[in-house]
Amino acid sequence: MRNVMIVDDESLVRIGLQSIIAWEQHGYHITGVFKNGEEALAAASRQHFDVVLTDIRMPGMDGFELVRELKRLAPNLHVIVLSSYNDFEYTRQAIRLGVNDYISKFEMEPDELLRVLASLPFADQLEAGKVVGDGAAHMSDAPLLAEVKQLLDNSKSEESTSLAMKFPLLAKKLADNGDGFRWVSLLPCPREAGYSSTERKAMLLLAEEMFSRLRNPILFGESGGYLHGGYACELGGGALASREESLRMAEEWTSAFAQKLNVSLAVGFGNMFAWSGSCEEARREAEAAAELSLFNSSIQFSETSGERRAFTEEEWLNLYKQIKQRIRYMQFRPLADDLTRYMDERSDLYKPSEWIRLGVAAVSQLADFMIERYDPGTAELREKFGSLWPFAETAGAVRTAMAWRLMLQDITDRIQQMVAHRQAKGGWIERVKDYLKVHYGEQIRLEDMAQLANFSENHFSQRFNQETGQAFSDYLTDLRIQEAVRLFRDTELSTEEIAERVGYSSPNYFIKVFKKKTGQTVKHFKSTQR
């Protein structure tokens with residue numbers, strides 16, 4: 001392995017250089033990453049480097065001065081200048097200093113960097129896995145790193161493990177800053193397409209860099225989609241001060257991830273523990289706080305988050321009934337408003353996973369309604385709902401309260417539009433009238449007609465009145481009496497038989513309605529037809 005030094009005052013460039021290629025697979029080891037020439041020179045005086053990748057313009061000691069000093073320490077050191085400056089004078093000065101190559105760091109591709117490295121004089125001597133030069137210095141923390149790896153593995157088990165007893169080196173390092181510790185979990189906001197291995201490596205590198213600049217926290221590593229770390233604090237009355245300091249760090253982390261990697265970061269801190277405390281419990285608390293942080297878009301501390309629980313069976317049943325009732329009457333937007341209001345009022349009572357479960361239940365009922373009522377094809381569903389379909393998968397992938405609200409609103413709005421389109425296209429008023437012409441002699445309920453029109457009862461009554469100028473009950477009565485008049489004229493049926501045929505089980509009630517609508521008694525009307 002060849003030892004590589006990276007020097008650049010821009011953290012994003014340092015991270016990008018570390019993640020752009022799989023260094024170890026190509027025979028290189030990143031032994032030092034520095035933000036200025038002074039740090040790099042100090043490191044070079046303590047250990048051996050084979051290659052240095054350095055910027056030119058840096059505060060304090062610039063790249064050319066650094067190269068001059070490094071060449072005095074190690075004449076055979078290979079130097080590659082990475083810069084955004086292409087001025088001929090820079091190139092000429094680099095050549096005089098014995099720089100091996102000069103490439104633009106903002107236009108550089110992985111293949112180009114590998115090509116430049118392969119052209120260095122020692123390239124044909126590289127052997128995979130062979131350590132070349134003095135590469136032992138950077139492994140001085142190897143026992144501590146081994147403990148950290150073991151800590152991440154052990155903290156996923158159910159067995160309670162004391163930090164102080166099982167990981168003495170880590171405990172000692174943290175204990176210099178307090179008599180207790182917090183576990184901190186950083187959770188990158190999930191993306192639909194996920195994160196590539198390069199993006200995850202960049203996130204880990206940025207976290208390492210930021211943790212290393214602070215006096216207190218130690219980054220343990222990545223596990224289960226989280227970046228985990230430990231943070232020493234003072235027990236016994238120090239909770240508020242600990243939270244204030246933690247909050248400042250967390251805000252710095254979230255800001256850096258957003259600005260440099262365009263990644264939204266959720267941060268959760270577990271409760272303060274004594275060194276004899278359980279690292280498994282500490283991790284679970286921090287992860288739960290990070291999940292809550294992600295859902296609520298705010299940094300969370302386990303001790304101030306409160307106990308969040310699952311819905312009771314009674315609560316779930318009541319919510320399920322309310323959802324079914326709204327869908328039955330096609331009140332889609334009010335359904336979204338109900339659930340959003342419910343979250344606003346009770347967001348601090350239930351776990352994020354419970355809100356997600358509620359969203360999945362609601363949109364699953366909406367999907368069932370659509371399929372049962374309209375039997376839409378896959379092509380139509382994709383056209384109307386795009387990536388929202390299938391609804392249950394979309395709702396199950398939601399991880400923030402804002403996304404939860406927007407998902408419900410978007411789905412219910414689109415269903416409302418689809419139903420309105422179907423109703424307008426299907427000529428609902430004609431369907432209702434045609435049905436009444438055939439079935440006027442049967443018992444007819446407003447609820448049944450509303451369902452036929454794909455409306456709620458209230459909406460059906462309003463729309464029917466608008467379309468016909470009559471209330472539904474008046475329209476049905478007129479239709480029945482018109483048919484009764486025809487039967488009196490064209491048949492020898494009795495009043496009782498005609499009343500039954502046009503939908504009245506009580507002849508006396510039929511006689512009253514007939515007089516009200518025609519202005520004549522049945523007896524008088526029949527006499528005029530002879």
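Residues numbered from 1 in each chain as written. Predicted model: local features only at pLDDT ≥ 70, side-chain atom pairs only at ≥ 80, totals over all residues. Heavy atoms only, no water.

**Q** Which parts of the structure should I look at to understand the pairing of strand β2 (residues 28–34)?
**A** Of all 7 residues making up β2, 6 are buried, and the element is well covered by its neighbours. When strand β1 (residues 2–7) meets β2, the two strands line up parallel, connected through 6 bridges. Residue pairing across strands places V7 opposite F34, the latter belonging to β2. On the question of chirality, the crossover connecting β1 to the parallel β2 by way of helix α1 (residues 11–19) is right-handed. (Buried < 20%, exposed > 50% of the residue type's maximum accessible area, 1.4 Å probe, protein only. Helix = DSSP H or I, 4+ residues; strand = E, 2+ residues; numbered from the N terminus. Pairing = 2+ DSSP bridges. Right-handed = clockwise from strand over helix to strand, strands pointing away.)

**Q** Sorry if this is basic, but what is going on with the packing of aromatic side chains here?
**A** Inspection of every chain in the model, using the stated rule, returns 29 aromatic pairs. Following the ring pairs from residue to residue traces out a cluster consisting of F311, W316, Y342, Y350, W355 and W404. In this arrangement the basic side chain of R357 is found over the ring face of W316, its NZ or CZ atom lying 3.9 Å from the centre. The lysine or arginine in question, R480, covers the ring of Y504, its NZ or CZ lying 5.6 Å from the ring centre. (Phe/Tyr/Trp six-rings, centres within 6.5 Å; stacked < 30°, edge-to-face > 60°. Lys NZ or Arg CZ within 6 Å of the ring centre and 35° of its normal.)

**Q** So what exactly am I meant to see when it comes to the nonpolar core here?
**A** Inside soluble globular proteins, nonpolar side chains tend to come together where they are buried. In terms of nonpolar packing, the biggest core is built from 69 residues, with F391, F460 and F510 touching the most fellow members. For this core, the element with the most residues is helix α15 (residues 352–374), which contributes 10 residues. Among the nonpolar cores identified, the runner-up in size contains 25 residues, and L206, Y231, L265 and F301 belong to it. (Core = buried A, V, L, I, M, F, W, Y, C linked by side-chain atoms within 4.5 Å.)

**Q** Mind showing me how you'd approach the pattern of salt bridges here?
**A** Side chains that differ in charge, positive against negative, can pair when their charged atoms come close. What the rule picks out here adds up to 23 salt bridges. Of the charged contacts, one joins E483 and R486 as a salt bridge, the two residues approaching to 2.4 Å between their closest N and O atoms. One end of the pair is E483 and the other is R486, both in helix α22 (residues 472–490) and 3 residues apart, which spans about a single turn. For R486, a relative accessible area of 39% gives the class partly exposed. Between R486 and D490 there is a salt bridge, with its nearest N and O atoms 3.8 Å apart. Of this pair, R486 and D490 both sit in helix α22, 4 residues apart, roughly one helical turn. Linked by salt bridges that have partners in common, R328, R445, E447 and D448 make up one network. (Salt bridge = Lys/Arg side-chain N within 4 Å of Asp/Glu carboxyl O.)

**Q** Which parts of the structure should I look at to understand the sheet that holds strand β4 (residues 78–83)?
**A** Strands belonging to one sheet form pairs held by backbone hydrogen bonds; the direction of such a pair is parallel or antiparallel. The 5 strands lie next to each other as β2-β1-β3-β4-β5, forming an open sheet whose pairing is parallel. At either margin of the open sheet sits one strand with a lone partner, and together these are β2 and β5 (101–104). Taken over all neighbouring pairs, the strand axes of this sheet differ in orientation by 20° on average, direction set aside. When β1 meets strand β3 (residues 51–54), the two strands line up parallel, connected through 4 bridges. (Axes fitted to C-alpha atoms, helices over the stretch in contact; angles between N-to-C directions.)

**Q** When you look at the environment of V79 in this model, what are you seeing that I'm missing?
**A** Looking at where V79 falls in the secondary structure, it is placed in strand β4. V79 sits in the buried class, given a relative accessible area of 0%. With 27 residues separating them along the chain, V79 and V52 place their C-alpha atoms 5.0 Å apart. Setting aside chain neighbours within four positions, we find V79 in contact with V52, T54, V67, K71, V99, N100 and D101. (Contact = heavy atoms within 4.5 Å.)

**Q** What is the right way to look at unusual backbone geometry in this model?
**A** Both trends apply: most residues other than glycine have a negative phi, and most peptide bonds are in trans. Along the chain, W389 connects to P390 via a cis peptide bond; the corresponding omega equals 0°. Mapped onto the elements, P390 comes out in the loop between α16 (378–385) and α17 (391–396). Backbone geometry places N262, a non-glycine residue, at a positive phi of 55°. By the element assignment, N262 lies in the loop between α10 (239–261) and β9 (265–269). Phi at N454 takes a positive value of approximately 65°, unusual for a residue other than glycine. Along the polypeptide, N454 turns up in the loop between α20 (446–453) and α21 (457–468). Look at N454 and you get buried, because its relative accessible area is 11%.

**Q** Would you explain the pairing of strand β6 (residues 180–188) in this entry?
**A** If a strand is regular, its side chains alternate between the two faces of the sheet. Within β6, 9 of the 9 residues are buried, which leaves the element mostly enclosed by the surrounding structure. Of the two faces of β6, the one holding G180, R182, V184, L186 and P188 and the one holding F181, W183, S185 and L187 are both buried throughout. Pairing analysis gives 7 bridges linking β6 to strand β8 (residues 226–233), with the strands arranged antiparallel. Paired with R182 across the bridge in β8 is Y231. Bridge analysis of β6 against strand β10 (residues 273–274) gives 2 bridges, and the strand direction is antiparallel. In the sheet register, F181 faces β10, and the bridge partner there is F273. Sheet analysis places β6 next to β9, joined by 5 bridges and oriented antiparallel.

**Q** Would you mind showing me how to read the packing of helix α13 (residues 313–328) against α15 here?
**A** Between two packed helices, what matters for the description is the angle formed by their axes and the separation of those axes. Running from N to C, α13 and α15 point in directions that differ by 30°, and their axes come no closer than 10 Å. Classified by the angle between their axes, α13 and α15 sit roughly parallel to one another. The interaxial crossing formed by α13 with α15 has right-handed handedness. In contact with W316, L319, Y320, I323, K324 and I327 of α13, α15 contributes R357, L358, A361, A362, Q365, L366 and F369. (Parallel < 35°, antiparallel > 145°, perpendicular 65-115°, else oblique. Left-handed = near helix turned anticlockwise from the far one by under 90°.)

**Q** Would you take a moment to explain α13 for this structure?
**A** An α-helical turn contains 3.6 residues, so a residue and the one three or four places further along point in the same direction. Taking 1.5 Å of rise per residue, 16 residues should cover 22 Å, and α13 covers 22 Å from first to last C-alpha, within 8% of that figure. Among the residues making up α13, those that are buried are E315, L319, I323 and I327. Down the axis of α13, the buried set is contained in an arc of 100°. They therefore lie on one face. Within α13, the exposed residues directed more than 90 degrees away from the buried face are E313, E314 and K321. (Expected span 1.5 Å × (residues − 1). Arc of directions from axis to C-beta.)

This is a description of form; function is not addressed.
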